[in-house]
Structures are given as C-alpha cells and as structure tokens.
Amino acid sequence: MADITHLPMEQLQDLEYCIDSNPPWRHVHTKVQTSDKSAPCLIMKEWLPLLSEELNCSSCSETVLLAFQNYILVLGTSVMIPSLLVPAMGGNDVKNHCSLDKCDHCISLNFGLEDLLGGTCHMGDKIRVIQTLLFVAGINTLLQALFGTRLPAVVGGSFAYLIPMVYIISDSSLQRISEPHERFIHTMRAIQGALIVASSIQIILGYSQVWGLFSRFFSPLGMAPVVGLVGLGLFQRGFPALGNCVEIGIPMLLLVIGVSQYLKHVRPLKEVPIFERFPVLICVTIVWIYALILTASGAYRGRSTPTQNSCRTDKANLISSAPWFKFPYPLQWGPPTFSAGHSFAMMSAVLVSMIESTGAYKAASRLAIATPPPAYVLSRGIGWQGIGILLDGLFGTCTGSTVSVENVGLLGLTRVGSRRVVQISAGFMIFFAMLGKFGAVFASIPFPIFAALYCVLFGLVASVGLSFLQFTNMNSMRNLFITGLSLFLGISVPQFFNEYWVPHRHGLVNTNAGWFNALLNTIFSSPATVGLIVAVFLDNTIEVEKAKKDRGMPWWVKFRTFRGDNRNEEFYTLPFNLNKFFPPT
C-alpha cells in the first residue's frame with residue numbers, strides 16, 4: 001500500500017493553460033502556482049498585470065493557431081448534419097443559375113462573383129445551411145464563453161436532433177409537395193418553428209434555476225458514468241465512420257497518436273511544443289494532402305458511390321456551390337411554421353442536448369483546471385444554451401445546439417484549457433461562415449479524417465468522466481453495481497433502439513402518434529440520457545445516507561453553491577462587473 005501514491009486530485013496537474021490563463025502573445029516559460037488548492041498553471045490572472053508588457057509585445061500566432069484548430073475540428077459535425085438532412089428535405093448541393101428577376105431567394109446580402117458579373121444566383125442549399133450553422137455556432141460559443149458557464153466549450157450542432165428532424169421531414173403534408181426546392185423551404189420553416197418553441201424548455205429550466213436544483217441529486221458517482229457516456233456513446237461516429245475510407249482513416253488515426261503522444265517532447269521551435277499544441281492542424285494537413293493526391297491520381301475511379309463520397313475530396317460540391325460572400329440573417333428561409341406535434345417531438349431533443357451538455361460542462365471544467373460548475377453557473381449555461389437553440393430556429397440551422405464533445409476532448413489533447421482560445425475560435429466560425437468560398441475549402445475535408453480524430457477525442461472525454469470515480473469508494477459493492485449497470489445500460493439500451501431505427505426508420509416505439517414516437521426514441525437513443533436516468537435514480541435510492549462518504553458527497557457538496565468554494569468566483573464570475581446586476585443565487 002505504501003507504493004500507492006496517486007491520491008485524488010481536485011484539479012488536473014498535467015495542463016499548461018487553465019481557464020483563466022491564456023497562451024501569451026509570446027511564450028513565457030515561467031510556471032506559477034494558482035490560488036489556494038489550485039493546480040500549477042501558466043500565468044494566472046493575478047500575474048497578468050506584472051507580465052502585461054511581455055504579453056503584448058509580440059504576435060499572437062500561438063493563440064490564433066490554437067483557435068483555428070478548434071474551428072477546423074467543429075467542421076466535422078457542421079458539415080455532416082446538413083449533408084444527412086438537406087437532401088432528405090429536398091435541398092440540393094449544387095449551383096443552379098437563375099435570372100435575378102425570377103429568383104425569389106436571391107437577395108442583395110447573398111451574392112457571389114457570378115451574381116455581380118452575369119446576373120445569376122447561387123442555390124446550393126447544403127452549403128447555405130452549413131454556413132448558417134457555423135455562423136450561429138460562432139455566436140452561441142461566444143455567448144456561452146462570455147455570459148454562460150464561461151467554460152472553454154464550443155457550442156455547435158447536435159446529432160441528438162436527428163430523430164425529431166426525420167419525423168418532421170417525413171410529415172405527410174410536407175411530402176406531398178412535389179417540387180424539391182419548395183419542399184426544402186417548407187420543411188426548413190417547420191423545423192425552425194419547432195426549434196423556436198422547444199427552446200423554451202432550456203430557457204425556462206435554466207433561468208428559473210430548476211436545472212440547478214435538480215443537480216443537487218448529482219454526485220461524483222452519478223456523474224462519472226454520465227460524463228463517460230458523453231464520450232463513449234458517440235462510438236458510431238468513430239471507427240465505424242473511419243472504416244468508410246480506411247485508406248485515409250487509418251493513417252490519420254496512427255498519425256494523431258504518434259504526433260500527440262510520441263513526438264510531444266520534440267521541439268523544432270524551442271519556445272513552442274508544436275507537436276503537442278497543434279496535432280490536429282499538422283495531421284489534418286498531411287492526410288488531407290494525401291487524400292488530394294489519391295483523388296487526383298484516380299485511385300477511386302470505378303469504386304462504389306459510398307466509397308467515393310467518403311474518400312474523395314471533390315464529391316461534396318461545397319466549393320462550387322458556395323457564394324463568395326453570404327451574411328446569414330434571421331428568417332432567411334421565410335416565416336417559420338408551427339405545429340404542436342413537431343414542437344413536442346423537438347422538446348425531447350432539447351432535453352437530451354441539455355443532459356449531454358451538462359456532462360460535457362463537467363468534463364470541460366476538469367480539463368480547464370476549474371472547479372465543477374456550481375448549480376447557479378450550470379443553470380446559467382443551460383439558459384444561454386436555450387437562447388442558442390432559439391437562434392438556431394430563427395436563422396434556420398437545420399439542427400439544435402449542444403456542447404461540442406470533440407472540442408472538449410481537444411482541451412486535453414493539447415493541454416490548453418484557455419477561454420480566450422475558444423472565444424477567438426468563435427470569431428473564425430463567424431468569419432469563414434460569411435466568406436463562403438474560403439470556408440467551403442476547409443469544409444470539404446473528408447469525414448473519415450474527422451472520424452479518426454473522434455476516436456482519440458471522444459475516448460479522452462470518456463476517461464475524464466471515469467476520473468470522477470477517484471472521489472468515491474470503489475471498494476463498495478453498491479458503487480460498483482451502480483457504475484457498472486449505468487455504463488452497460490447506457491450503451492446497450494441506445495444500441496437496441498438504434499438497431500430498430502436503421503432498418504425501419506421509425507424506431508422501436510411506433511404508435512400512431514408520430515411526435516410520441518420521436519420523443520421516446522430520442523430519449524432512449526441517447527447514451528448519456530439513459531446513463532443519467534439509471535445512475536442518478538439508483539444513487540439517490542440505494543442506501544443514500546449510509547453511503548454518503550462512499551458517493552463522494554463530502555468533496556462534491558462544496559461545489560453546489562457559488563460561494564461554497566473561493567475558486568468559483570475566480571473561474572465563473574461574469575465579465576464587465578455584471579455580477580453586481582445578476583448576483584449568484
């Protein structure tokens with residue numbers, strides 16, 4: 001027993017930049033100790049006045065590159081979701097030409113070079129949705145980092161909304177529309193209406209502090225499987241997607257592991273460990289060039305259509321259909337339409353995204369060397385996420401918002417948990433969403449490259465969740481039972497539901513009420529949601545008082561309230577002295 005020296009640690013030690021410290025404008029090699037009980041961190045905010053001259057005297061290349069790396073990573077989901085939904089809605093992904101006097105959907109803010117020279121307009125529905133999704137993701141990320149949880153978490157599109165989206169797309173009143181583009185517009189308006197109504201769930205639960213009150217039932221034992229399933233539950237987007245093009249997927253996976261782990265101590269530039277800081281940029285660039293060479297050399301000539309769509313770099317039709325400049329704006333698809341059934345179905349996805357985001361916030365706080373977000377901060381973040389879903393509905397992004405799990409994993413891979421990096425990455429999302437051609441170049445990266453990254457990043461988030469078990473007694477059969485059952489059912493139940501969904505396209509629950517089918521199928525297809533239901537219920541009903549210490553509550557309870565730990569104010573206080581007007585409750 002004397003050889004066991006790895007005691008539980010409230011905050012991770014092996015990170016360079018935490019939530020309040022930022023990659024400086026010029027690298028400084030001095031590590032400093034944070035406030036009481038905090039882990040070592042580079043240049044905490046109390047040291048910034050002493051180093052202000054140092055921080056402002058050089059270029060911000062490291063910070064900008066780290067932010068651009070986050071932008072590149074968020075493209076995977078931002079491209080995949082519209083690629084799945086837009087064709088089913090009747091939208092196209094190619095450039096169509098029409099005269100300006102007959103084009104109902106061309107406006108002065110949405111023009112390309114050919115519009116200026118030849119009087120034509122672009123009608124690439126897929127690229128328009130992708131750009132809108134990235135634009136709103138940038139706004140939501142900035143709002144969340146400034147006024148929400150203030151954690152370095154990217155807020156982007158969510159796969160949790162797919163089942164309600166498919167239910168709306170399959171609505172008989174929409175399917176009767178014969179002209180594809182008209183059907184796309186009407187379907188988009190129906191989705192917008194459903195998102196606008198459903199967003200009220202998170203807005204109410206967040207700003208009323210109800211979700212914060214519910215979080216009183218959370219414990220390290222209950223949260224460990226939930227956060228773990230936030231990562232493990234996305235396994236279908238990992239190796240199964242990578243396997244669609246092993247020629248580029250396997251080299252990408254091996255390269256990421258090699259660069260980030262085996263070469264991290266190699267420093268071609270003495271000041272910056274580039275292999276540890278920028279593994280995504282380095283590996284994506286190398287494998288993307290490799291994929292371009294394979295495409296140009298005709299390696300996929302004669303291969304099946306699914307293989308070509310996954311492997312080729314020129315099959316997405318994004319660059320050709322993208323306008324040179326496009327400014328997304330609210331109600332750009334027309335006025336939303338509202339249906340009670342659509343809205344009820346969408347509410348299930350909003351609840352699921354709230355639970356998944358809660359787990360992701362817990363993981364992000366640990367990777368940013370912050371304390372677990374108190375109930376007030378968690379509710380504040382959920383409220384702002386509800387505002388984000390409202391913006392999704394107003395702009396028409398084709399999906400709702402949640403915390404990007406892959407970007408949370410990136411915090412650990414690069415050992416950079418800085419809030420500033422995420423805020424700048426939001427600027428990249430907004431900027432490239434408006435410059436269509438330039439953004440489309442990066443968005444044309446084959447998805448198996450992202451899938452290889454997901455194998456590493458989702459696994460990292462899952463392991464962060466399991467690290468909460470260090471604060472519990474894992475020699476207790478009660479705790480072993482709850483942890484094992486939560487993890488197993490969290491993977492097994494959604495897999496069972498998904499097996500029905502794939503061949504039949506209607507899910508296990510198949511009644512005459514389509515909205516009810518979508519609601520239950522969405523909830524039980526989410527690993528994190530199933531895991532939370534099982535873990536929190538069992539943890540709060542089996543020997544609760546007797547197992548108080550075994551559950552980890554003595555450590556956890558001080559993080560329930562904003563003033564329960566003096567570090568909370570350092571990490572989660574609102575900017576611009578707004579806490580004076582919105583005091584923590």
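What counts and what doesn't
- Residues numbered from 1 in each chain as written.
- Predicted model: local features only at pLDDT ≥ 70, side-chain atom pairs only at ≥ 80, totals over all residues.
- Heavy atoms only, no water.
- Salt bridge = Lys/Arg side-chain N within 4 Å of Asp/Glu carboxyl O.
- Buried < 20%, exposed > 50% of the residue type's maximum accessible area, 1.4 Å probe, protein only.
- Helix = DSSP H or I, 4+ residues; strand = E, 2+ residues; numbered from the N terminus.
- Disulfide = S-S within 2.5 Å.
- Phe/Tyr/Trp six-rings, centres within 6.5 Å; stacked < 30°, edge-to-face > 60°.
- Lys NZ or Arg CZ within 6 Å of the ring centre and 35° of its normal.
- Patch = residues over 30% accessible without salt bridge, like charges linked within 9 Å, V, L, I, M, F, W, Y side chains within 5 Å.
- Areas by Shrake-Rupley, 256 points an atom, 1.4 Å probe, with all protein chains shown as cover.

How do you make sense of the pattern of salt bridges when you look at a structure like this?
Applying the stated criterion across every chain yields a total of eight salt bridges. The salt bridge partner of Glu276 is Arg277, with a shortest N-O separation of 3.2 Å. When sorted by exposure, Glu276 lands in the same class as Arg277, which is buried. Here the residues in one salt-bridge network are Glu62, Glu276, Arg277 and Arg415, joined through shared partners.

Which parts of the structure should I look at to understand unusual backbone geometry?
Of all residues except glycine, most have a negative phi; of all peptide bonds, most are trans. The phi dihedral of Leu331 is positive, around 60°, even though this residue is not glycine. Looking at the secondary structure, you find Leu331 in the loop between β5 (325-326) and α16 (340-367). On the accessibility criterion, Leu331 (38% relative accessible area) is partly exposed. Positive phi is not limited to glycine here, since Arg415 has a value of about 60°. Relative to the elements of secondary structure, Arg415 occurs in the loop between α18 (405-414) and α19 (419-434).

Any chance you could explain the state of the cysteines here in plain terms?
Two cysteines, two sulfur atoms, one covalent bond between them: this is a disulfide. For the coordinates displayed, the defined rule picks out one disulfide. With a sulfur-sulfur separation of 2.0 Å, Cys245 is cross-linked through a disulfide to Cys311. The sign of the 130° torsion about the S-S bond sets the Cys245-Cys311 disulfide as right-handed. Here Cys245 is found in the loop between α10 (239-242) and α11 (246-262), whereas its partner Cys311 is found in helix α14 (residues 305-311), with 66 residues between them in sequence. A single burial state applies to Cys245 and to Cys311, both of which are buried.

When you look at the packing of aromatic side chains in this model, what are you seeing that I'm missing?
What describes a pair of aromatic rings is the distance from one ring centre to the other and the angle between the planes of the rings. Counted according to the given criterion, the structure contains 31 aromatic pairs. Ring pairs connect the aromatic residues Phe68, Tyr71, Phe428, Phe431, Phe432 and Phe442, which therefore count as one cluster. Of note, Arg237 hangs over the ring of Tyr454, and the distance from its end group to the ring centre comes to 5.1 Å. The ring of Phe468 has Arg366 lying over it, and the distance from NZ or CZ to the ring centre is 5.9 Å.

Teacher, can you tell me more about a nonpolar patch on the surface here?
Together, Ile257, Tyr262, Leu263 and Val266 line one region of the surface with nonpolar side chains, adding up to about 390 Å² of accessible area. As for its position among the elements, Leu263 is in the loop between α11 and α12 (274-277). By relative accessible area, which is 33% here, Leu263 ends up partly exposed.

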